[in-house]
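Architecture at a glance
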Amino acid sequence: MKKLGNRPSALIEALHTLQQVFGYLDKPGLTFVAAVLKVPPSQVYGAATFYHYFTMKPQGEHTCIVCTGTACYINGASALLKSIEAREGVKAGQTTADGRLSLLTARCFGACGLAPVAVVDGEMESRLTPEALQQRLERIGVHAI
Amino acid sequence: MQSDELKSIAAREREAEAARTACINVCAAASCQALQSDELRKALTQAAAEQGYGPEACTVRQVGCLGLCGAGPLVSVEPSGILYQRVQPSDAAEIVAALEGPPVARLQLDSGMPFFTRQHRIVLENSGRIDPDRMEDYIARDGYSALSTVLHEMQPADVIAEVAKSGLRGRGGAGYPAGLKWETVAKAAGSPKILVCNADEGDPGAFMDRSVLESDPHRVLEGMIIAAYAVGASEGYIYVRAEYPLAVARLKTALRHAERHGLLGGDICGSHFTFRISIRLGAGAFVCGEETALIASIQGLRGTPRPRPPYPAQAGLWGHPTLINNVETYANIAPIIRKGGAWFSQLGTGRSKGTKVFALAGSIQNTGLIEVPMGMRLRDIVFDIGGGIPGGRRFKAVQTGGPSGGCIPGEFLDTPVDYETLTSLGSIMGSGGMIVMDETSSMVDVARYFMEFCMTESCGKCIPCRAGTVQMHELLGRFCDRRATPADLQMLETLCDLVRNTSLCGLGQSAPNPVMSTLRYFRPEYEAALVSEMVGAGGAA
């Protein structure tokens, strides 16, 4: 924030930094940003909820982000998503009750040549099948419920 | 940096290149990186050292996108031009051993296949041939020479005239003539003027801008600096998606190098021209690709569009005259200056000049990034360059323009691809996503998929888009579940018309396109989804 001169226009950048450090945006963080940038809290909350990249929920220990871009969609992304939803008992956007896994979706990673893809704990898995994705989760110790 | 310094760097690089036995290029764009091309590069470097090649005899380097993403990780060898596909680290020793002999046949990719030979690369001319993190590589391939020419030999008006002569149109989708836009900003009253590069590539299934930024970031910077000089801007922003961390990292490196060498900042190249560029991260809102929403987002606000006029060219960022162009538009500028507007305008069709980069994906043999002259037939792109549909399935449609575009069926495959023809077919050029669908895709389902996208991405400012997309999505759901009535079909068409004509910005205005184009070409699929007893009554509809 300081780098951008503590101006209101630094809001989005500040939220990026906040999420990078804490993993999600919480109320004290947002209040702090509002105070430093002299932006009304409503505007900070507005931006935090408007942009899909920001999340206000703490994430699970592991994350699995299934790409739902057009190429992935044509090549079976919904089957991937359904299989993990059934396996872990969560819907996209939710975290399992034990906090082990957050299942998320992304608009498009731009790796359409490898569709369908998912990013598991920051690593991209390409040309996936539901079985391959389940095996990947098994390897990081996320088991079926 | 002065022009003689540029020349001496270029000469030094070329000398080093000539002294080398070979150069092994490993694709390090996001797609190949996802296939562990980093490990591969390490293995190749090690193998080269083990087989007695010093770094001056054989360089193993990272390069940008080699194009055929579906066959990654890709490796190319210079000067022989041999291409290898699906290379694993365990193949490294074999590849190095074959440097001065016959190539490794089992990994070789035919570089004479139409995918490579039918392309015409301008924007991607360096892609896959230079290390994106080394400015010297870019300079060795005439990089920044156009900037030097512009600053020392041309007046801003000459630059604009050259761009106007080239016939270049905005590559972000709408196709507004670049020269005209530049001229408007140049003439606009008010200072400072601001330049923005729109790298918020939000269309799902499109990855042209990501590839350009990851493969040849200096090309975009050079285009931006030239544009800034032409319109008199002193401040520039690149608004790039946060979902593209590699592109952001490469851009930051490129910016740092350009600043250090005096290509950005004060007194650029020894002239009195000053220009600085900052990066702003997007945060996953598709609507921010719309220019007024993008401006709001850079200002730290929610990305909601506002009515135009005034256009950003008159009142943009913080009310200042602002030039906004897409990544690919800027990437075309340096070659236009180097080779002349007349050269560029020879390529392409009547009103669509030059080339276009497309991201070819979906149900197609050769997925990846291609650049072809405007006016190429869809059939040539899909079947010749793309290699057709895998698994013996039949072609059904090609989707262009993402959620704002439409699906084009088989009977129009012989259509030349340019801005006007795609619009007349009910689709749009868009930013360049091209998704091929085969007979297994349900068009109603595809229409619902895009409507779901637009519904979620609608910023909510205007009612036709906010409420209309929800209603259309619900209606399309009825078709997918086969519980729609003829009245639903009628309502869907009415809503398409309403949302298209009354929405505030491009997102809403084009949201009905996927529905309208599938209704136009695949109406029987909608009719087949009507509740069976109703088909008897309303089947003729």
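**Topic: the overall build of chain B**
Along its length, chain B carries 25 helices and 14 strands. Taking 24 Å as the expected radius of gyration for a compact globule of 541 residues, we find that chain B reaches 24 Å, a close match to that expectation. With the C-alpha coordinates of chain B rotated into their principal frame, the extents come out at 80 × 60 × 40 Å. In chain B, buried positions account for 56% of the 541 residues. Residue pairs in contact within chain B that sit at least 24 positions apart in sequence constitute 75% of those at least 6 positions apart.

**Remarks on the pairing of strand β7 (residues 233-240) of chain B**
Residue and element names in this part refer to chain B. Judged by how many residues are buried, β7 sits mostly within the fold: 6 of 8 residues are covered. In the sheet, strand β6 (residues 193-199) pairs with β7 via 7 bridges, with the strands oriented parallel. Residue pairing for β7: L195 is matched across the bridge by G236. As defined by bridge partners, β7 adjoins strand β8 (residues 276-281) across 6 bridges and the pair is classed as parallel. By the bridge assignment, V240 is partnered in β8 with L281. The β-α-β motif built from β7, the intervening helix α12 (residues 245-260) and the parallel element β8 has right-handed crossover chirality.

**Remarks on the nonpolar core**
In terms of nonpolar packing, the biggest core is built from 226 residues, with L44, I225, I226 and A227 of chain B touching the most fellow members. If near-sequence neighbours (up to four positions away) are discounted, I226 of chain B is found in contact with A146, L147, V150, V159, I333, A334 and I337 of chain B.

**A closer look at the sheet that holds β7 of chain B**
Residue and element names in this part refer to chain B. Here 4 strands make up an open sheet; going across it, the order is β8-β7-β6-β9 and the pairing parallel. In the strand order of this sheet, the two ends are held by β8 and β9 (322-326), each with one partner. Put simply, the sheet's adjacent strands are angled 20 degrees from each other on average, direction ignored. Strands β7 and β8 of the sheet are contacted by α12, whose axis makes an angle of about 165 degrees with β8.

**A short note on the interface of chain B and chain A**
With 35 residues of chain B at the interface, the matching set in chain A holds 31 residues. Those elements that provide at least two residues to the side of chain B that touches chain A are α2 (30-33), β10 (355-362) and β14 (433-438) of chain B. Examining the composition of the side of chain B that touches chain A, we find that 3 residues originate from one element, β10 of chain B, more than from any other. Considered class by class, the residues forming the side of chain B that touches chain A number 17 nonpolar, 15 polar and 3 charged.

**Things to note about the packing of helix α20 (residues 463-480) of chain B against helix α21 (residues 486-502) of chain B**
Residue and element names in this part refer to chain B. Remark: α20 packs on α21, axes separated minimally by 10 Å, with the N-to-C direction vectors making an angle of 155 degrees. Relative to α21, the element α20 lies roughly antiparallel. In this structure, α20 meets α21 at a crossing whose hand is left-handed. Listed contacts from α21 to P464, C465, G468, T469, Q471, M472, L475 and R478 of α20 are D488, M491, L492, L495, L498, V499 and T502. Class assignment for the residues of the contact of α20 with α21 results in 9 nonpolar, 4 polar and 2 charged.

**What to know about the domain arrangement of chain B**
All names here are of chain B. If you check the domain split of chain B, you get domain 1 (17-113), domain 2 (142-344), domain 3 (352-438) and domain 4 (443-538). Distance from the C-alpha centre of domain 1 to the C-alpha centre of domain 3: 30 Å. Taken residue by residue, the interface counts 5 residues in domain 1 and 5 residues in domain 3. Among the residues forming the side of domain 1 that touches domain 3, the class breakdown is 3 nonpolar, 2 polar and no charged.

**As for unusual backbone geometry**
Going from A115 of chain A to P116 of chain A, the amide bond is cis rather than trans, its omega being -5 degrees. Relative to the elements of secondary structure, P116 of chain A occurs in the loop between β2 (101-106) and β3 (118-120). The amide bond that connects G72 of chain B to the next residue, P73 of chain B, takes the cis arrangement and shows omega of -5 degrees. Tracing the backbone through its elements, the reader meets P73 of chain B in the loop between β2 (58-63) and β3 (75-78). Phi at Q36 of chain B is positive, roughly 60 degrees, even though this residue is not glycine. Tracing the chain through its elements places Q36 of chain B in the loop between α2 and α3 (37-50). Unlike most non-glycine residues, W318 of chain B shows phi in positive territory, near 50 degrees. Of note, W318 of chain B is situated in the loop between α13 (291-298) and β9. Residue class for W318 of chain B comes out partly exposed when judged on the 13 C-beta atoms lying within 10 Å of it.

Calculation criteria
Residues numbered from 1 in each chain as written. Chains lettered and ligands numbered in written order. Predicted model: local features only at pLDDT ≥ 70, side-chain atom pairs only at ≥ 80, totals over all residues. Helix = DSSP H or I, 4+ residues; strand = E, 2+ residues; numbered from the N terminus. Rg over C-alpha atoms; globule rule 2.2 N^0.38 Å. Buried ≥ 20, exposed ≤ 12 C-beta atoms within 10 Å, placed from the backbone. Contact = placed C-beta atoms within 7 Å. Pairing = 2+ DSSP bridges. Right-handed = clockwise from strand over helix to strand, strands pointing away. Core = buried A, V, L, I, M, F, W, Y, C linked by C-beta atoms within 7 Å. Axes fitted to C-alpha atoms, helices over the stretch in contact; angles between N-to-C directions. Nonpolar A, V, L, I, M, F, W, Y, C, P; charged D, E, K, R; others polar. Parallel < 35°, antiparallel > 145°, perpendicular 65-115°, else oblique. Left-handed = near helix turned anticlockwise from the far one by under 90°. Domains from an automatic or database assignment.

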